[in-house]
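# Inside the fold
Chain by chain, the residues run as shown.
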Amino acid sequence: MEDFVSETDSEYTSYWRDWFLSSRGNEYFCEIDEEYIMDRFNLTGLNTEVQYYQYALELVTDSFDLDCEDAMRDAIEKSARHLYGLVHARYIVTTRGLARMLDKYKKAEFGKCPRVMCNSHPLLPMGLSDVPNLKPVKLYCAKCEDIYNPKSSRHASIDGAYFGTSFHNILFQVYPTLVPTKSADRYIPVSMVSKFTPPQLSFVGRISNASICAAA
Ligand SMILES: [Zn+2]
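Within each chain, residues carry numbers counting from 1 in the order of the written sequence. Two thresholds apply to this predicted model, a pLDDT of at least 70 for residue-level local features and 80 or more for giving and counting side-chain atom pairs, whereas whole-chain, interface and lining totals are computed over all residues.

### Side note on helix α8 (residues 167–174)
Keep this limit in mind: Three exposure classes are used. Buried residues have 20 or more other C-beta atoms within 10 Å of their own C-beta, exposed residues have 12 or fewer, and partly exposed residues fall in between, all C-beta atoms being placed from the backbone. Each helix is a run of DSSP H or I of at least 4 residues and each strand a run of E of at least 2, with the numbering of both proceeding from the N terminus. In this description, the arc belongs to the directions extending from the helix axis to the C-beta atoms.
Residues of α8 that are buried include every one of F167, H168 and L171, and no others. Seen from one end, α8 has its buried residues packed into an arc of 100°, which puts them on one side.

### Examining the sheet that holds strand β3 (residues 146–148)
Our working rule: Strand pairing follows a simple DSSP-based rule, namely that at least 2 bridges must link the two strands. The angle between two axes is taken between their N-to-C directions and runs from 0 to 180 degrees, where each axis is a line fitted to C-alpha atoms and a helix contributes only its stretch in contact.
Across the sheet, three strands lie side by side as β1-β2-β3; this open sheet has antiparallel pairing. What marks the edges here is a single partner per strand, and that holds for β1 (123–126) and β3. On average, each strand axis in the sheet is tilted by 40° relative to the strand beside it, whichever way the strands run. When strand β2 (residues 138–141) meets β3, the two strands line up antiparallel, connected through three bridges. Along β3, the bridge assignment pairs Y140 with I147.

### A short note on the packing of helix α6 (residues 95–106) against α8
Heads up, the condition is: Oblique is the label for every angle not falling under 35 degrees (roughly parallel), over 145 degrees (roughly antiparallel), or within 65 to 115 degrees (roughly perpendicular). With C-beta atoms placed from the backbone, a contact is any residue pair whose C-beta atoms sit within 7 Å. When residues are grouped by polarity, Ala, Val, Leu, Ile, Met, Phe, Trp, Tyr, Cys and Pro land in nonpolar, Asp, Glu, Lys and Arg in charged, and all others, Gly among them, in polar.
Running from N to C, α6 and α8 cross one another at 95°; their axes reach a closest spacing of 11 Å. Between α6 and α8, the interaxial angle falls into the category roughly perpendicular. Each of L98, M101 and L102 in α6 lies in contact with α8, whose residues at this interface are I170, L171 and V174. Split into classes, the residues belonging to the contact of α6 with α8 amount to six nonpolar, no polar and no charged.

Structure representation (structure tokens):
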């Protein structure tokens, strides 16, 4: 698999990320390149956003060897997941990150639009805020240009800032051929009044409607 740096170090160096990505509820995340996460420039500013930043980074990059109590380990683990999410938001708007998310999009790994007129068009994860801990992730359908809540509670609780407010727009700017034909189709309700009320009775429309509804 070309995702790994080399065959020899792949199993060890991606241990934490493999575990994270294979955990239930983390299906929306893609794998961040080793070289991206090891480049401190890409992590600029995150040291003030993440508690136990250095330990969290060591955990994510499989270089953590601190002997600590379980409570501390849990706190670092939580910080590592937060760090991964924040780096993920930056990574998925890079060329390689976009390509990885595109691959998942094509496989409809983010789900399909529940709107009947969209014919199961695949969805994309997106944030309503770039600031963490404000809004959970939503799913965007490019066909109806509307957003939806994830079906699973595991996904619905993911921080939207881990995907960001621009990712879905950038994806379609970089891959314009993927912009779907907008769905102008709308369901038109069949009016009970126009279906059942003869035109000559329209002056008593209110009474007719009430009796029709009661009878229905
Ligand atoms: Zn849709």
